[in-house]
Amino acid sequence: LCPQGQLLAKSWSSLFEGQARAALQGPIYSFNGRNVLTDPLWPRRLTWHGSTPRGGQARRRDCQGWSSSGPGEGLAAPLGEGRLLAGQRHNCSEA
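Residues numbered from 1 in each chain as written. Predicted model: local features only at pLDDT ≥ 70, side-chain atom pairs only at ≥ 80, totals over all residues. Heavy atoms only, no water.

**With respect to the nonpolar core**
Consideration 1: By size, the foremost hydrophobic cluster in this structure holds 5 residues: Ile28, Val36, Leu37, Leu79 and Leu84.
Consideration 2: Look past the residues within four positions of valine 36 in its chain and what remains in contact with it is Ile28, Tyr29, Ser30, Trp42, Arg45 and Leu79. (Core = buried A, V, L, I, M, F, W, Y, C linked by side-chain atoms within 4.5 Å. Buried < 20%, exposed > 50% of the residue type's maximum accessible area, 1.4 Å probe, protein only. Contact = heavy atoms within 4.5 Å.)

In structure tokens form, the structure reads like this:
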């Protein structure tokens, strides 16, 4: 369950296997309670993860351990598609 009480996925593994597509299209809240799928402060609606599709670490694709917003790439996936570990490359300087 997410902090607002909605079911995000039926199981931990379903989050990463694409089976949670419908549930992930519902509200997803940031730590400060904003719905990241509709809030203008989240223009890209990506989940940054730096992982391979099987959940391993994608070396050199994590914006230097999530400490850099400079040159380099991180792996991210669009929220709402149900594939949280999809590996789309994005520049670390993106919002």
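Still more ground to cover, so stick around.
**Focus: the packing of aromatic side chains**
Consideration 1: Per the stated rule, a full pass over the model turns up 1 aromatic pair.
Consideration 2: Where tryptophan 48 meets tryptophan 66, the ring centres are 6.2 Å apart and the plane angle is 85°; that geometry is what we call edge-to-face. Here tryptophan 48, found in strand E1 (residues 46-48), pairs with tryptophan 66, found in helix H3 (residues 63-66); they are 18 residues apart in sequence, far enough to count as distant.
Consideration 3: What makes tryptophan 48 partly exposed here is its relative accessible area of 28%.
Consideration 4: Classification of tryptophan 66 as partly exposed rests on a relative accessible area of 42%. (Phe/Tyr/Trp six-rings, centres within 6.5 Å; stacked < 30°, edge-to-face > 60°. Helix = DSSP H or I, 4+ residues; strand = E, 2+ residues; numbered from the N terminus.)

**Side note on the pattern of salt bridges**
Consideration 1: Summed over all chains, the structure comprises 3 salt bridges.
Consideration 2: Salt-bridge contacts for aspartate 39 lead to arginine 34; the nearest nitrogen and oxygen are separated by 2.9 Å.
Consideration 3: Exposure remark for arginine 34: the relative accessible area of 35% places this residue in the partly exposed category.
Consideration 4: For arginine 89, the salt bridge identified is with glutamate 73, shortest N-O distance 3.8 Å. Residue arginine 89 is found in strand E3 (residues 88-91), and its partner glutamate 73 is found in strand E2 (residues 73-78); the two are separated by 16 residues along the sequence.
Consideration 5: When its relative accessible area of 54% is taken as the criterion, arginine 89 is described as exposed.
Consideration 6: Overall, glutamate 73 belongs to the partly exposed group, its relative accessible area being 30%.
Consideration 7: Through salt bridges that share partners, Arg61, Glu73 and Arg89 make up one connected network. (Salt bridge = Lys/Arg side-chain N within 4 Å of Asp/Glu carboxyl O.)

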